[in-house]
Amino acid sequence: DGVVDLGDFAILASAWAMDSSGSSQVQTLETFESYVAIPNASWANWIGQTSSSYNTLALESSIVKTGAKALKWTYDLDPGVVTGDDKSGLVYTLPAPIDLRDYSKMRVWIHRTAGNSLENYLGVKFMWTDTTAQPHDSKTQAEAMILSANGSTKTPAGVWTEWVIDLNTDLIFKNRTSRSGNDLYNVGSMIFYVNNRQEFRGGPGTLRLDDIRLESNCTFPAGDLNQDCRVNINDLAIMVDNWLAGK
């Protein structure tokens, strides 16, 4: 009815303490188990941004998270002071475009080799569907990153850790036609990359990737005002802040 009042409070009260976060579904994007070799049609060097002389990728069978295979990625960035951007990356071309509006999180397992250089950040770009196998940076819709302060390419070393990207809160939007998660409806590829800028010094390192998955949005209960799949004090606070709004 356009007014925040007792009727809305009754809805919230009837759903109090409901939690539907367990209703989300997981879609597996990549396990690497079906490949005989890498590079291939799905995984390739990011040409134009990365030279194959300091960026290589291969199928890994010794250090894996699950199954028998993973992806091994070796990079080597400029050890000198960087004044612009120095990037090394991989292109993952999806079998078919995906609509990220249907998902709330992306999960990637990462293994960092002991002795890796600490790069400015480790990131992933979500790219518009493109007819070329090598999408240009201008096709970037959004990206997420792990900064050097949080370990980037270096720590924790020697163990598998899961990078959980919240597609609602962790993305930086890079295209004027993509301003929120609601615009990520035609993602054709992803670029995993390391990058140095702002006078950061780079170096060599090896990363492994495994089990890349998307997690679908849960069903929002009535009264879930902040859409976190739970009805609790946070929703009540939003209601209080907007009490009688619209009257």
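One can find the structure itself at the top, above this paragraph.
Predicted model, so just to flag it, every value in this text is computed and none were measured. (Residues numbered from 1 in each chain as written. Predicted model: local features only at pLDDT ≥ 70, side-chain atom pairs only at ≥ 80, totals over all residues. Heavy atoms only, no water.)

## Considerations on the side chain of His111
Just so we agree on the cut-off: Only DSSP runs of H or I covering at least 4 residues are called helices, and only runs of E covering at least 2 are called strands; the numbering of each starts at the N terminus. The rule is simple: take the accessible area with a 1.4 Å probe, protein chains only, and divide by the maximum for that residue type; under 20% is buried, over 50% is exposed, in between is partly exposed. Any pair of residues with heavy atoms lying within 4.5 Å of one another is described as a contacting pair.
One can find His111 in strand β6 (residues 103-112). In this structure His111 comes out as buried when scored by relative accessible area, which is 6%. Residues within four places of His111 in sequence aside, it is in contact with Ile63, Gly158, Val159, Trp160, Thr206, Leu207 and Arg208.

## Structural notes on the environment of Val231
With respect to the helices, strands and loops of the structure, Val231 is situated in the loop between β12 (204-216) and α2 (233-241). Here Val231 falls in the buried class, since its relative accessible area comes to 2%. Through-space distance from the C-alpha of Val231 to that of Glu33 is 40 Å; in sequence the pair is 198 residues apart. With sequence-adjacent residues up to four places away left out, Val231 is seen in contact with Leu12, Ala15, Trp16, Ala17, Met18, Pro221, Ala222, Gly223 and Asp224.

## Focus on the layout of surface pockets
The line we're drawing: Grid points spaced at 1 Å over the protein atoms alone were grouped into cavities, where a 1.4 Å probe fits but cannot get out, and pockets, open sets with protein on both sides within 12 Å along at least five of seven lines, with lining residues defined by an atom within 4 Å of a point. Grid points are joined across faces, edges and corners, and a volume is the space filled by probe spheres set on the points. Polar here means any residue outside two lists: the nonpolar Ala, Val, Leu, Ile, Met, Phe, Trp, Tyr, Cys and Pro, and the charged Asp, Glu, Lys and Arg; Gly therefore counts as polar.
As a volume, the largest pocket reaches approximately 420 Å³. Around the largest pocket, the lining is made up of 28 residues, and of these Tyr103, Ser104, Asn168, Asn217 and Phe220 lie nearest the centre. If you list the elements that add at least two residues to the lining of the largest pocket, you get β6 and β12. For the lining of the largest pocket, the element with the highest residue contribution is β6, accounting for three residues. The residue inventory of the lining of the largest pocket, partitioned by class, reads nine nonpolar, twelve polar and seven charged.

## Points about the packing of aromatic side chains
This is how it is decided: Each Phe, Tyr or Trp ring (for Trp, its six-membered ring) is paired with any other whose centre lies within 6.5 Å, and the angle between the two planes then decides the class: stacked below 30 degrees, edge-to-face above 60, tilted in between.
Overall, the coordinates contain seven aromatic pairs when judged by the stated rule. Both rings, one in Trp128 and one in Tyr185, keep their centres 5.6 Å apart while their planes meet at 75°; by these two values the pair is edge-to-face. Highlighted residues: Trp128 in strand β7 (residues 121-128) and Tyr185 in the loop between β10 (172-173) and β11 (187-196), separated in sequence by 57 residues. By relative accessible area, Trp128 is classed as buried at 15%.

## Quick notes on the nonpolar core
Basically, it comes down to this: The term nonpolar core refers to a set of buried residues drawn from Ala, Val, Leu, Ile, Met, Phe, Trp, Tyr and Cys, joined through side-chain atoms within 4.5 Å.
Judged by nonpolar contacts, the single largest core of 38 residues is most densely connected at Trp43, Met106, Met190 and Phe192. Sorting the residues of this core by element identifies β4 (70-76), β5 (86-98), β6, β7, β8 (140-147), β9 (160-166), β11 and β12 as the ones contributing at least two each. Excluding residues within four positions of it along the chain, Trp43 makes contact with Glu30, Phe32, Tyr35, Ile38, Leu57, Leu71, Leu90, Val91, Tyr92, Phe192, Leu209 and Ile212. One finds Trp46, Val91, Met127 and Tyr193 within the second-largest nonpolar core, a separate group that totals six residues.

## Structural notes on a nonpolar patch on the surface
Using the following cut-off: Surface patches are drawn from residues lacking salt bridges whose relative accessible area is over 30%; two like charges belong together within 9 Å, two nonpolar side chains (Val, Leu, Ile, Met, Phe, Trp, Tyr) within 5 Å. Calculation of accessible area relied on Shrake-Rupley with a 1.4 Å probe; when residues are assessed, cover is drawn exclusively from the protein chains displayed. By convention in these notes, a salt bridge is any Lys or Arg side-chain nitrogen within 4 Å of a carboxyl oxygen on Asp or Glu.
A surface patch of nonpolar side chains, amounting to about 400 Å² of accessible area, comprises Leu6, Phe9, Trp243 and Leu244. Among the secondary structure elements, Trp243 is positioned in the segment after α2. A relative accessible area of 37% places Trp243 in the partly exposed class.

## Overview of unusual backbone geometry
Across the junction of Ile38 and Pro39, the peptide omega takes the value 10°, indicating a cis bond. Mapped onto the elements, Pro39 comes out in the loop between β1 (26-30) and β2 (43-45). Of note, the amide linkage connecting Thr155 to Pro156 takes the cis form, showing an omega dihedral of -5°. Here Pro156 lies in the loop between β8 and β9. With a phi close to 70°, Phe32 is a non-glycine residue in the positive phi region. Structurally, Phe32 can be placed in the loop between β1 and β2.

## Quick word on the pattern of salt bridges
In the structure shown here, the tally under the stated rule is seven salt bridges. Between Glu162 and Arg107 there is a salt bridge, and its shortest N-O distance comes to 3.3 Å. Taken together, the residues span a long stretch of sequence, with Glu162 in strand β9 and Arg107 in strand β6 at a distance of 55 residues. Look at Arg107 and you get buried, because its relative accessible area is 19%.

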